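Chain residues, written in single-letter form:
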Amino acid sequence: VKRMEFKSKTYITELFNAYVSDSSLLPVLVRKKESDDSLERRICDYISGMTDRYAINEYKKLFSPDEKD
C-alpha cells in the first residue's frame, strides 16, 4: 500500500509540474480561460477528474520514451 501511495503522489505531482511548465500539453478546453480561475486551479481540476488508469497513461505518455502519444 505504501508503494502505491508513493507512486500515486509521484504521478500526480509530476503531471501537475509538467502541465504548469508547458500548458500546451493540456487539452484545449483546459487551457482556455473561461473563468477567473488560475491555470494552476484548472490543472488541479483537470487532474482531479482523471481516473487512476487515465492518470497513469498520461504519465507514461509524458515521461516514458517508449510510449506513443
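In what follows, the accompanying structure is described. Quick caveat: nothing in here was measured; it's all calculated off a predicted structure.

1. Considerations on the packing of helix α1 (residues 2-21) against helix α4 (residues 52-63)
Then, in step 1: Two elements in contact, α1 and α4, have axes whose closest approach is 10 Å; the angle formed by their N-to-C orientations is 55°. In terms of orientation, α1 and α4 fall into the oblique class. The two elements α1 and α4 cross, and the hand of that crossing is left-handed. Between α1 and α4, the residues in contact are T10, Y11, E14, L15, A18 and Y19 and A55, I56, E58, Y59, L62 and F63, respectively.
Then, in step 2: Looking at the contact of α1 with α4 residue by residue, the class counts come to nine nonpolar, one polar and two charged.

2. Observations regarding the packing of aromatic side chains
Then, in step 1: One pass over the structure, following the stated rule, counts three aromatic pairs.
Then, in step 2: Arranged with centres 4.8 Å apart and planes meeting at 40°, the rings of Y59 and F63 form a pair that is tilted. Of the two residues, Y59 and F63 both sit in helix α4, four residues apart, roughly one turn of that helix.
Then, in step 3: A connected cluster of aromatic rings, assembled from ring pairs, spans Y11, Y59 and F63.

3. So, the side chain of E58
Then, in step 1: Considering the arrangement of structural elements, one finds E58 in helix α4.
Then, in step 2: Overall, the relative accessible area of 10% leaves E58 in the buried class.
Then, in step 3: Excluding residues that lie within four positions of it along the chain, E58 makes contacts with L15, Y19, Y46 and M50.

Rules used throughout
- Residues numbered from 1 in each chain as written.
- Predicted model: local features only at pLDDT ≥ 70, side-chain atom pairs only at ≥ 80, totals over all residues.
- Heavy atoms only, no water.
- Axes fitted to C-alpha atoms, helices over the stretch in contact; angles between N-to-C directions.
- Helix = DSSP H or I, 4+ residues; strand = E, 2+ residues; numbered from the N terminus.
- Parallel < 35°, antiparallel > 145°, perpendicular 65-115°, else oblique.
- Left-handed = near helix turned anticlockwise from the far one by under 90°.
- Contact = heavy atoms within 4.5 Å.
- Nonpolar A, V, L, I, M, F, W, Y, C, P; charged D, E, K, R; others polar.
- Phe/Tyr/Trp six-rings, centres within 6.5 Å; stacked < 30°, edge-to-face > 60°.
- Buried < 20%, exposed > 50% of the residue type's maximum accessible area, 1.4 Å probe, protein only.

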